[in-house]
Amino acid sequence: MQGMLLKKQNGTGIVLTSDGTYCRGAISEEALLGEEATVVPPRWRRPPLWLAAAVTAVVFLGLGAYRFLAPSSWAYVAIDVEPSVEFTVDRGLTVIGLKGYNFAGKKLASALGDIRGKPLDYGVESLLEKALAAGYLREGEDNIVMVTGVCRQEDERIGPEALANMVADSYPVQRGKVEIIALYTDTDVHRQAAKNGLSSGRYLLQQELKRRGVNIAGRVMREESLRSLGKGHNLVLSAVMDDTGWVLTRPESSFLERRQKQDVFYAAPVPVQKE
Amino acid sequence: MDGGTLEQLLAKAKEGDVDARNTLVEVHRSFVLNVVVSSCRRSLQWGRDDELSIGLIAFDEAVTRYEAERNVPFLAFARLVIKSRLANYFRQEVRRLSSGAGVSGNNLTDDTAASWTEFIWDRSAQDRAEEIQDYEAALSEYGISLDELVCLSPKHRDSRIALIGAAQTLAAENELFQHLGRKARLPVKKVSIKTGLSPKVIEKNRKYLLALTIIFRHPDRFIYLNSYIKK
C-alpha cells in the first residue's frame, strides 16, 4: 500500500494513503518521513474451517470439563454465636468455601485458615474450638449457638436435626447451659440475607422479630452476640424461632457430674414465649 | 482556490503572464502573512513591517523557481523560499546593526542562485519530516496517536470518502472548531447536522474524523498532507 510515511520504527512504518487510510506495514530502510513510501501490511489469512471447528470443540469440552470437575456449591451452613460464619459445601459435604459475615466472623474465619477440602463436621468442630479459645463461647455461662442450613435440593444431612446433632457432637464447652437452635431455609432467603449482609440464621431471626413487632437494625443484628440479643430484648430465641427449626438444650450441670457421664443433649420441647 | 486553478495560474505565471502572477501573489497574501508571522513570532502589519514585503518578494521568487516535476507542492516550496529569505534578512540585519554597514541586498550571482535553489529543494525533505512531526504533535494534543489511527481507519472506501467530506466541512466551521479547541471533543449532534452523517457514525469514527479535520483546518501548516489527500 502506498502513502505518505508518517511514522517509522524498527522496520515497520505507518503511512497515510491518498484515500485516507492510515496503514501499518513493513517498510524499506531508505524511506524518509513525509515521503511517499510503500508498506506491506501483515498478511491475514482466514483460518481453515477445521481449525475453527476444533477450537470451538475444545472450548466447549473445556467448559464442560470445568463444570464437571470444579466443585460446585451444594449447600450453605451458617454458624452464629457472636461471630457469624458460613461454610459452603459440595455434594459430599466437603468444605469449598468459608465466609465471615461480621467483624468477629471474619476474624474467626481467618484464624481457621484454609479448610477447603475438609469435611463439614471437622470445619464445625474447629470453628467452635476457635470460638471457645477466642472467648465467644464461655465455660460455665449460658451459650447459644444457631446453625442454619440452606441446600439447593432437599438433603437430610443438611436438615435441622442433623445440623443440631453435628454441633452438639463437637460442642467444646464443658460447663454451663447451652441452647443449639438449628434452622433450615431456602436459597431465596439465603440470597436475600446475603444482600443484607447477614447470615441466613440472623436474617430469619430479624424477620421473625419484625413480624412480632421488634425491629432490630441490620448492623446490630449482624454484630451482636445471640446471647446479648436475647437478653437485650428479653427474648427466648429458641421460642422465637419455634416451629421453624430444631432445638437441642443441655441443662446446666456441675463439672464433677459431667466428668462421670457423657454429654447429654435433650431435644427440647419448644418453650412458650409470651408475645 | 482549488488545485487546478493554482496549477493553471502557476503555469501561466511561469510563461510570463504578469496578470496571472499578480493574481497568484494577491490570492496568497494571507498564506505569506501566516508563514512570515510564524517565522517572526510576532504580529505584523502590511505596509509597516519589512518582513512582509520580503515574504511577498520571496513568494514571487518561488513562482519563478518552482519546478512541478520535483514532486513538491508549490506552497511547501514557497514556504521554504520565504523562510530562507527571511533568515537571510535577519542575518543581514544583525550584521548591519553590529557594524553599522548598509544592507547589501539579495543580489546573487547566477551560480550562487542555482546552488541556493538546489539547497531549497534538498531542504524540502527535512521540511516534510518536520511537518509530519508537527502533525503527530497536533494529534497528541487531542489524545490521538498514529498507532490507534491504524486501527480506527474505516475499512470501506465509501465510509472514508464520506468522512473526508465531513472533515472538510468541519474544518471550515469556525464555531465547531472553537468548540473542539475548548473541549477537545467533537460536538456530535452539531457535526451530524452539518455533515449529514449519523451521530453513531461520528461517535464511532470520532478520532479518525478529528485527525483528518486537523489536516484540513491548517492548509498552510500541513501543506504536504493537504496536497496528498484526495478531496
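Computed from a prediction, not measured in an experiment: that's the story for all the values here.

Draft legend 1. Highlighting the overall build of chain B. A count of helices and strands for chain B gives 13 helices and zero strands. Mapped from its N terminus to its C terminus, chain B presents α and β elements in the order α-α-α-α-α-α-α-α-α-α-α-α-α. Looking at the 231 residues of chain B, the share that counts as buried comes to 44%. Counting only contacts in chain B whose residues sit at least 6 apart along the sequence, the fraction spanning at least 24 positions is 61%. Accessible area for chain B stands at about 12500 Å²; split by element, carbon and sulfur atoms hold 50% of it.

Draft legend 2. Structural detail: the overall build of chain A. When you go through chain A residue by residue, the secondary structure sums to 10 helices and 11 strands. Per-residue burial for chain A yields a buried fraction of 44% across its 275 residues. Counting only contacts in chain A whose residues sit at least 6 apart along the sequence, the fraction spanning at least 24 positions is 57%. Carbon and sulfur atoms make up 53% of the accessible area of chain A, which totals about 15300 Å².

Draft legend 3. Up close: the interface of chain A and chain B. Each partner contributes residues to the interface: chain A has 20 residues there, and chain B has 24 residues. At the boundary of chain A with chain B, total buried surface from both sides reaches about 2000 Å², with 60% on carbon and sulfur atoms. The three residues of chain A that bury the most area against chain B are A:Met4, A:Ser18 and A:Tyr22, which together make up 35% of that side's buried surface. Where chain A meets chain B, there are four salt bridges. The residue A:Asp19 makes a salt bridge to B:Arg160 at a minimum N-O spacing of 2.9 Å. At the junction of chain A with chain B, the criterion picks out nine residue pairs in polar contact (both at pLDDT 80 or more). Breaking the side of chain A that touches chain B down by element, the ones donating at least two residues are β1 (2-9), β2 (12-16) and β3 (22-26) of chain A. In terms of residue class, the side of chain A that touches chain B is built from eight nonpolar, seven polar and five charged.

Draft legend 4. Main features of the sheet that holds β1(A). Residues and elements named next belong to chain A. Strand order in this open sheet of four strands is β3-β2-β1-β4, and the pairing throughout is antiparallel. Looking at which strands have only one partner, the edges of the open sheet turn out to be β3 and β4 (36-38). Shown here is a sheet whose adjacent strand axes are inclined to one another by a mean of 50°, direction ignored. Sheet topology note: the β1/β4 ladder contains three bridges and is antiparallel. The residue bridging Gly3 from the neighbouring strand is Ala37, located in β4.

Draft legend 5. Quick look at the nonpolar core. Membership of the largest hydrophobic core comes to 75 residues, with the highest contact counts inside it found for A:Tyr22, B:Phe31, B:Phe59, B:Phe74, B:Ile82, B:Tyr135 and B:Leu225. Sorting elements by how many residues they give to this core places helix α5 (residues 74-99) of chain B first, with 10 residues. Among all residues touching A:Tyr22, those that are not within four sequence positions of it are A:Leu6, A:Val15, A:Leu16, B:Tyr135, B:Leu146, B:Leu149, B:Val150, B:Ser153, B:Tyr208, B:Ala211, B:Leu212 and B:Ile215. The next biggest cluster of nonpolar side chains, apart from the first, holds 36 residues, and it includes A:Ala75, A:Leu137, A:Leu163 and A:Val167.

Draft legend 6. Region of the structure containing the pattern of salt bridges. The tally for this structure, following the rule as stated, stands at 25 salt bridges over all chains. Residue A:Asp19 is joined to B:Arg157 by a salt bridge in which the shortest nitrogen-to-oxygen separation is 3.6 Å. With A:Asp19 in the loop between β2 and β3 and B:Arg157 in helix α8 (residues 157-172), this pair bridges two chains. Classification of A:Asp19 by relative accessible area gives partly exposed; the value is 22%. With its nearest N and O atoms 3.3 Å apart, the salt bridge here joins A:Glu141 to A:Arg227. Placement of the pair is A:Glu141 in the loop between α3 (120-133) and β8 (143-151) and A:Arg227 in helix α8 (residues 226-232), with a sequence separation of 86 residues. Overall, A:Glu141 belongs to the partly exposed group, its relative accessible area being 32%. A relative accessible area of 19% places A:Arg227 in the buried class. Linked through salt bridges whose partners overlap, the residues forming this network are A:Lys7, A:Arg24 and B:Asp147.

Draft legend 7. Structural view of helix α4 (residues 160-169) of chain A. For α4(A), the full list of buried residues reads A:Leu163, A:Ala164, A:Met166, A:Val167 and A:Ala168. Close packing links the buried residues of α4(A) with β5 (75-80), α3, β8, β9 (178-185) and β10 (245-250) of chain A.

Cut-offs used in this document
- Within each chain, residues carry numbers counting from 1 in the order of the written sequence.
- Key to labels: chains lettered from A, ligands numbered from 1, both in the order written.
- With the structure being a predicted model, the display of local features is reserved for residues of pLDDT at least 70 and the display and counting of side-chain atom pairs for 80 or more, all residues being used for whole-chain, interface and lining totals.
- Side-chain measures here rest on the full set of heavy atoms in the structure, leaving out hydrogens and waters.
- Under the scheme used here, helices are H or I runs from DSSP no shorter than 4 residues and strands are E runs no shorter than 2 residues, and both carry numbers assigned from the N terminus.
- Each residue gets one of three labels from its accessible area relative to the maximum for its type: buried under 20%, exposed over 50%, partly exposed in between, using a 1.4 Å probe on protein chains only.
- Every residue pair with non-hydrogen atoms within 4.5 Å of one another is taken to be in contact.
- The Shrake-Rupley method, run with a 1.4 Å probe, gives the accessible areas here. Residue values count only the displayed protein chains as cover.
- The buried area of a pairing is the accessible area, by a 1.4 Å probe, that goes missing from both parts when the two are put together, added over both.
- When a carboxyl oxygen of Asp or Glu is within 4 Å of a side-chain nitrogen of Lys or Arg, the pair counts as a salt bridge.
- Whenever two N or O atoms come within 3.5 Å, that pair is a polar contact, provided that in protein one can donate a hydrogen and the other can accept it, and provided that, for residues adjacent in sequence, both atoms are side-chain atoms.
- Just so you know the grouping, Ala, Val, Leu, Ile, Met, Phe, Trp, Tyr, Cys and Pro go in nonpolar, Asp, Glu, Lys and Arg go in charged, and all remaining residues, Gly too, go in polar.
- A pair of strands is labelled paired if DSSP reports no fewer than 2 bridges between them.
- Axes here mean lines fitted to C-alpha atoms, for a helix over just the part in contact, with angles spanning 0 to 180 degrees between N-to-C directions.
- Residues belong to one nonpolar core when they are buried, are Ala, Val, Leu, Ile, Met, Phe, Trp, Tyr or Cys, and are joined through side-chain atoms within 4.5 Å.

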